[in-house]
Amino acid sequence: ARIAFRFLTTAQGKTSPMRAAVLITNRATPRTWRSSCRSLPAAPAMSTASGASAPRARPTALSASAAASAAVVSAKASRGRGSGGASRASLVAPMLALAQGVLGIGEAADAAAAAAAADSNCLLRDWDSTEPYGLPPFAEVETQHFRPALEVALAEHLSQVTAVADCKEAPTFENTVLVLDRAGSLLDRVSNLFFNLCSSNTSPELQEIELAMAPVLAAHDTMVYTLPGLFKRLDTLYSQRDTAGLDAEQLRLLERLHLDFVRAGARFEPQQQARYGQIMERLAELTTKFTQNILADESEFTLPLSEADMSGCPPELVAAAKQAAHERGRPEGECVVTLSRSLVEPFLTFSDRRDLREKAWRAWTQRGELDAKRDNHPIMREILQLRAEQAALHGYQSFAEYQTADTMAQRPARVMELLEEVWGKAKVSANAEREALAEFVASQESAAADACPDIQPWDWRYYAEKVRQSRYNFDEGELKPYFSLDAMTAAIFDVANRLFGLSFVHKEDVQAYHPDVKVYEVRETVDGEERLVAVFLHDNFSRANKKSGAWMSELRSACPDIGRVPIILNNNNFAKASAGEPTLLSFDDARTLFHEFGHGLHGMLSRTRYLRLAGTNVLRDFVELPSQLMEHWMEQPEVLRAHARHYKTGEAVPDALLDRLKAARAFNQGFATVEYTSSALMDQSLHQLPADALKDLDLNEFEKTEMARLGMPQGMVMRHRPAHFQHLFSTSMYASAYYVYLWAEVLDADGFEAFMEAGSCFDADTAARVRRCIYASGNSMEPGEAYRMFRGRDPVIEPMLKKKGMLAVAGAAH
């Protein structure tokens, strides 16, 4: 064991000490051991962000506290056996013994101290029996708990899947597929909490662990997918799937798990598997660093302003800027504009100071490259190179080909067909809008000194707002008092109640991970009996230690078959009002609230029997349908009349203001569509580049060339420039898949028409159908089939073009 351990943890083996210990204690036969050794050849040096060649950084050795954590879990093994059949005690006892012998932590005093520390690790407790709703023990969680808890959780999961691989019985759905679906509950629980905190409430210490654990977690995934004997069992079942007597959902689970393994390299030769593992570990490091660099830029940058510098900004924006200054310890009365979208976009929209708009815009669009020490360009280039190599190992010409193979689109050509159809129409609209902006500027004689008819990107939002005020007598500032965060939150809950019968009960006595976060019970009554559907955490405000953007995540996914109630989170980044004042949202902020709530409902309403198929675990170009569909209710007059009420007077938003809003919203749709579609086209271009074109790629030059080729309208830039394009480089989930928002927009616009055809946006039959087919079905069926079950046919593009005001443009083009 000592010889094996030393081999596995050298530069040749590159296996972490924890995984080496588990591998040795669980893979005992000489044949398997030799096979495992052959799959771990020497790894070539990886280039660092600076371009220099350097040996790969590896996790440090298994700590005494981690080993002691394992011992504590062993002592608390009364929770029973894991789904793989091995108890925690049977796993951790030999692992602890090996760790003590090989790693030199056998001293009684050290072991006793470590055991005492591990005993206080709340992450290894059974939260279901100790915390309300099975929430994490937020008040007790400390940063140092995560690494040892993750190591124990990784070991337990590996033990469970190893038991499947080593099973002597013939593979069946029950002893293979179902066990794999249920395995890793501790790992899911700890890692879900860990990554939620890394995004929503991080710290330098947490980021250090995040960066260190990224390759460890990626290596663990590779080990599971390439564990000798495991894929063989799945493959055997897959080859017999048509005669195995499986129901539709069981068949779908088998097919998805089998595809997961294939796309993770299970069919590769050992040498290829080893290289694939190295690629995935390095990608995990790079994407984590990319994200942390952006957060650092966003956290550090502030634009300090006096109240006079806020000329043109509505009172609620000035108040939000003062609150941001207060939170950052600035002098009383000073204002601060940060790089939070909810602050910087309104500033670009309303500020009369062109010089300050330019300064804010440049900082906002240069996130990820503001500081040379954390420039994201070398990271992006290496990510693209590794993804191209990943795709080539699978036999694809490009990463775009590999990525779209498991989507509704199936191939890049279909993606480009949709993007290019919309791109041409969007450019026509945007250029017409730009002419309207230039005409307005030219008409303003008194503003000649500060105006510029050559519209620049930091001018567009400002003059678009002026045109809306001039043409449509609409002022966004006039609308915001009717859109308080509390009122719009009540609106989303009311919509969920009227559509799906859900009620949301605020639990003020339940603590979350930050005082801003509200916890809700989600309940419904079925056949006269009330039941708990989900637990919902709502985290709405921007913070310096919180990732930008908006997202849905989960601490626990739904699985009704085993009584699991989901714990769902929505994160937004709204600018918090000063104490005692309501937070007022823009129309776009309110739409974001509805959008993320749609994702949340997708997780809350899931009724699949299997975890792999639950909630948002669907194809990437289907996942945005439930969220974007929910946006439609935000614009419905009956919803707005009920909930868009003035925060001071309680007066409902006037119909005349809504009419002006509707007319004004049609203006600048070209700008919004060009911003988005150019980003999606850039995504496709980058991920279709051949490997030899990536070695010396200058991403800034590539961006300029590509925008010129596309004919980007003057005065506009992409919504996300590459250095801060987190959809592409913070994860692979949306890489070569940013198009999915537009793809889903075709579905959501056509899908909402079903309600209009039924005569009401709350038609009960249509609502029941959309819940069953879209929100509750998860990945239990092919998404095209799910949509047809809801709509009765395939989607058509016309409703989406109509929504964007481009139907007339399309007709003129034809």
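What comes next is a walk through the structure.

Scoring rules and cut-offs
- Residues numbered from 1 in each chain as written.
- Predicted model: local features only at pLDDT ≥ 70, side-chain atom pairs only at ≥ 80, totals over all residues.
- Heavy atoms only, no water.
- Helix = DSSP H or I, 4+ residues; strand = E, 2+ residues; numbered from the N terminus.
- Buried < 20%, exposed > 50% of the residue type's maximum accessible area, 1.4 Å probe, protein only.
- Contact = heavy atoms within 4.5 Å.
- Areas by Shrake-Rupley, 256 points an atom, 1.4 Å probe, with all protein chains shown as cover.
- Phe/Tyr/Trp six-rings, centres within 6.5 Å; stacked < 30°, edge-to-face > 60°.
- Lys NZ or Arg CZ within 6 Å of the ring centre and 35° of its normal.
- Pairing = 2+ DSSP bridges.
- Axes fitted to C-alpha atoms, helices over the stretch in contact; angles between N-to-C directions.
- Core = buried A, V, L, I, M, F, W, Y, C linked by side-chain atoms within 4.5 Å.

## A closer look at the overall build of the protein chain
Reasoning step 1: A count of helical and extended segments in the protein chain gives 35 helices and nine strands.
Reasoning step 2: For the protein chain, the residues scored as buried account for 58% of the 814 residues in total.
Reasoning step 3: Sequence-distant contacts, at least 24 apart, represent 75% of the contacts inside the protein chain between residues at least 6 apart.
Reasoning step 4: Carbon and sulfur atoms make up 50% of the accessible area of the protein chain, which amounts to about 32100 Å² in all.

## A word on the packing of aromatic side chains
Reasoning step 1: Evaluated as defined, the whole model comprises 34 aromatic pairs.
Reasoning step 2: Summarising the aromatic geometry, the rings of Tyr225 and Phe261 are spaced 4.8 Å apart at their centres and angled 85° between planes, so their arrangement reads as edge-to-face. One end of the pair, Tyr225, is in helix 11 (residues 204–225); the other, Phe261, is in helix 13 (residues 248–263), with 36 residues separating them in the sequence.
Reasoning step 3: Judged by its relative accessible area of 25%, Tyr225 falls in the partly exposed class.
Reasoning step 4: You can call Phe261 buried: its relative accessible area is 4%.
Reasoning step 5: Judged by centre distance (5.8 Å) and plane angle (10°), the ring pair of Tyr734 and Tyr741 falls under stacked. Here Tyr734 matches Tyr741 in class, with each residue buried.
Reasoning step 6: One aromatic cluster is present, formed by Phe493, Phe504, Tyr520, Phe536 and Phe597 through successive ring pairs.
Reasoning step 7: Seen from the ring of Trp551, Lys547 lies directly overhead, with NZ or CZ sitting 4.7 Å from the centre.
Reasoning step 8: Taking NZ or CZ as reference, Arg620 lies 4.9 Å from the ring centre of Tyr734, over its face.

## Thoughts on the sheet that holds strand 6 (residues 518–526)
The strands making up a sheet associate through backbone hydrogen bonding, with each pair oriented either parallel or antiparallel.
Reasoning step 1: Ordered by their spatial adjacency, five strands build an open sheet running 5-6-7-9-8, and the pairing between neighbours is mixed. The strands lining the two open edges of the sheet, one partner per strand, are strand 5 (503–506) and strand 8 (551–556). Sheet twist, expressed as the mean angle between neighbouring strand axes with direction ignored, is 30°.
Reasoning step 2: Sheet analysis places strand 6 next to strand 7 (residues 529–541), joined by nine bridges and oriented antiparallel. The residue bridging Arg523 from the neighbouring strand is Leu532, located in strand 7.
Reasoning step 3: Its contacts with the sheet put helix 23 (residues 485–500) on strand 5, strand 6, strand 7 and strand 9 (567–574), and the angle it makes with strand 7 is roughly 150°.

## Some thoughts on the nonpolar core
Reasoning step 1: Within the largest apolar cluster, 133 residues are counted, with the highest numbers of intra-cluster contacts made by Phe483, Phe504, Leu601 and Trp633.
Reasoning step 2: No other element matches the twelve residues that helix 20 (residues 412–443) contributes to this core.
Reasoning step 3: Once you skip the residues sitting within four places of it in the chain, Phe504 turns out to touch Phe493, Ala496, Tyr520, Glu521, Val522, Phe536, Phe597 and Met604.
Reasoning step 4: Grouped together as the second largest cluster of nonpolar side chains are 35 residues, Phe138, Phe194, Leu555 and Ile567 included.

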